[in-house]
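# Commentary on secondary and tertiary structure
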Amino acid sequence: LAKTTQPISMDSYEGQEVNITCSHNNIATNDYITWYQQFPSQGPRFIIQGYKTKVTNEVASLFIPADRKSSTLSLPRVSLSDTAVYYCLVGPSASKIIFGSGTRLSIRP
Amino acid sequence: GAGVSQSPSNKVTEKGKDVELRCDPISGHTALYWYRQRLGQGLEFLIYFQGNSAPDKSGLPSDRFSAERTGESVSTLTIQRTQQEDSAVYLCASSLIRDTDSYEQYFGPGTRLTVT
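Below is a short write-up of the structure. Quick caveat, the model's predicted, so the values are computed rather than measured. (Residues numbered from 1 in each chain as written. Chains lettered and ligands numbered in written order. Predicted model: local features only at pLDDT ≥ 70, side-chain atom pairs only at ≥ 80, totals over all residues. Heavy atoms only, no water.)

### With respect to the pairing of strand S8 (residues 75-79) of chain B
All names here are of chain B. For the record, the criterion: Each residue is placed in one exposure class: buried if its accessible area under a 1.4 Å probe, protein chains only, is under 20% of its type's maximum, exposed if it is over 50%, and partly exposed if it falls in between. Going along the chain from the N terminus, every DSSP run of H or I of four or more residues is numbered as a helix, and every run of E of two or more is numbered as a strand. For two strands to pair, DSSP has to find at least two bridges joining them.
Among the 5 residues in S8, 5 count as buried, and that is most of the element. In S8, alternate side chains face the same way, and those of Ser75, Leu77 and Ile79 on one face and Thr76 and Thr78 on the other are all buried. Bridging between strand S7 (residues 65-69) and S8 involves 5 bridges; their strand directions are antiparallel. The residue bridging arginine 69 from the neighbouring strand is serine 75, located in S8. Connecting the antiparallel pair S7 and S8 is a turn made up of 5 residues, with glycine 71 showing a positive phi of about 60°.

Here it is in structure tokens:
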């Protein structure tokens, strides 16, 4: 199972673009890359998922280089409500999933 | 439609007692997951069900922990002879496994277990 490494914490300001990078050097061929967001006292919430290149939805973009050994979650124009813990996961669709400790993102006015 | 629900939302129990936590997944979701999250920490995988079978129980921390799923629906996580280190939020998630091998887990609100 591929392990992930991401920064423990990040700080930014409202209106800025935030990029959180995750390393997953031993990602397997059938692994997808998925990002979740968790607010205090709530369960994680799916943000975005990708396999390669770039994926964009209404919330975020996910950039995956050709070697797939890392990925970057991009949050455009963050607001205070984006303050949360962000988890990067890699794995196939149905199996044990390792969440890791996540990145604690703090947004300031 | 309804999301994943868990009960109880909070449970306070005395050390040594048994507890049962319940998860109702989204209807039609074939996969169900249990996680444990200690205060200020990430999620710790416990067990995964595909249908009523649990192909991966490797995350269960000890033989005091067990889980079952019936009717490809409700799942219960049982902790016997609870210890103080079992205090945590227990999260359940379900997902619909699609042919494309992509998935999204939908999480419940969790059960906060406190062992005194």
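### Notes on the side chain of glutamine 49 of chain A
For clarity, the threshold we go by: Residues adjacent in sequence count toward polar contacts only when both atoms are side-chain atoms; beyond that, a polar contact is any pair of N or O atoms within 3.5 Å, and within protein one must be able to donate a hydrogen and the other to accept it.
By the secondary structure assignment, glutamine 49 of chain A is in strand S4 (residues 45-50). Side-chain polar atoms of glutamine 49 of chain A contact the side chain of threonine 34 of chain A, separated by 2.9 Å.

### A word on the sheet that holds strand S2 (residues 18-23) of chain A
Strand-to-strand pairing in sheets goes through backbone hydrogen bonds, with the strands running parallel or antiparallel. Residue and element names in this part refer to chain A. Convention followed: Helix axes use the C-alpha atoms of the stretch in contact, all axes being lines fitted to C-alpha atoms, and the angles between their N-to-C directions lie in the range 0 to 180 degrees.
Taken together, 4 strands build an open sheet; the order of strands is S2-S7-S6-S5 and the sheet is antiparallel. The two strands at the open ends of the sheet, each matched to only one other strand, are S2 and strand S5 (53-56). With direction set aside, neighbouring strand axes in the sheet form an average angle of 15°. Bridging between S5 and strand S6 (residues 61-64) involves 4 bridges; their strand directions are antiparallel. The partner of threonine 53 across the bridge, within S6, is isoleucine 64.

### Description of the sheet that holds strand S1 (residues 9-13) of chain A
Residue and element names in this part refer to chain A. Spatial strand order, S1-S9-S8-S3-S4: 5 strands in an open sheet with mixed pairing. Of all the strands in the sheet, the pair left with one neighbour each is S1 and S4. Taken pair by pair, the neighbouring strands of this sheet meet at an average axis angle of 25°, ignoring direction. Two elements, strand S8 (residues 84-91) and strand S9 (residues 103-108), share 3 bridges in a ladder whose sense is antiparallel. Its bridge partner being in S9, alanine 84 is matched across the sheet by leucine 105.

### Observations concerning the nonpolar core
To be explicit about the condition: The criterion is simple. A nonpolar core is a set of buried Ala, Val, Leu, Ile, Met, Phe, Trp, Tyr and Cys residues joined through side-chain atoms within 4.5 Å.
The biggest cluster of nonpolar side chains holds 20 residues, and the ones touching the most others in it are Val18, Ile33, Trp35, Ile47, Leu73, Leu75 and Tyr86 of chain A. Of all elements in the fold, only S2, strand S3 (32-38), S4, S6, strand S7 (70-75), S8 and S9 of chain A reach the threshold of two or more residues within this core. Per-element tally for this core: the top contributor is S8 of chain A, with 4 residues. Judged by nonpolar contacts, the second largest core, of 19 residues, contains Phe49, Leu60, Tyr90 and Cys92 of chain B.

### As for the state of the cysteines
All names here are of chain A. Spelled out, the test is: In what follows, a disulfide is any cysteine sulfur pair within 2.5 Å.
Using the criterion set out here, one finds 2 disulfides over all chains in the structure. Here cysteine 22 connects covalently by a disulfide to cysteine 88, the sulfurs 2.2 Å from one another. Linking cysteine 22 and cysteine 88, the disulfide has an S-S dihedral of approximately -85° and is accordingly described as left-handed. Here cysteine 22, found in strand S2, pairs with cysteine 88, found in strand S8; they are 66 residues apart in sequence, far enough to count as distant. With a relative accessible area of 0%, cysteine 88 lands in the buried category.

### A short note on unusual backbone geometry
Here serine 7 of chain B and proline 8 of chain B are connected by a cis peptide whose omega angle stands at -10°. Although it is not a glycine, arginine 68 of chain A adopts a positive phi angle of roughly 60°. Positive phi, close to 45°, is recorded for arginine 81 of chain B, a residue that is not glycine. Looking at where arginine 81 of chain B falls in the secondary structure, it is placed in the loop between S8 and strand S9 (88-95).

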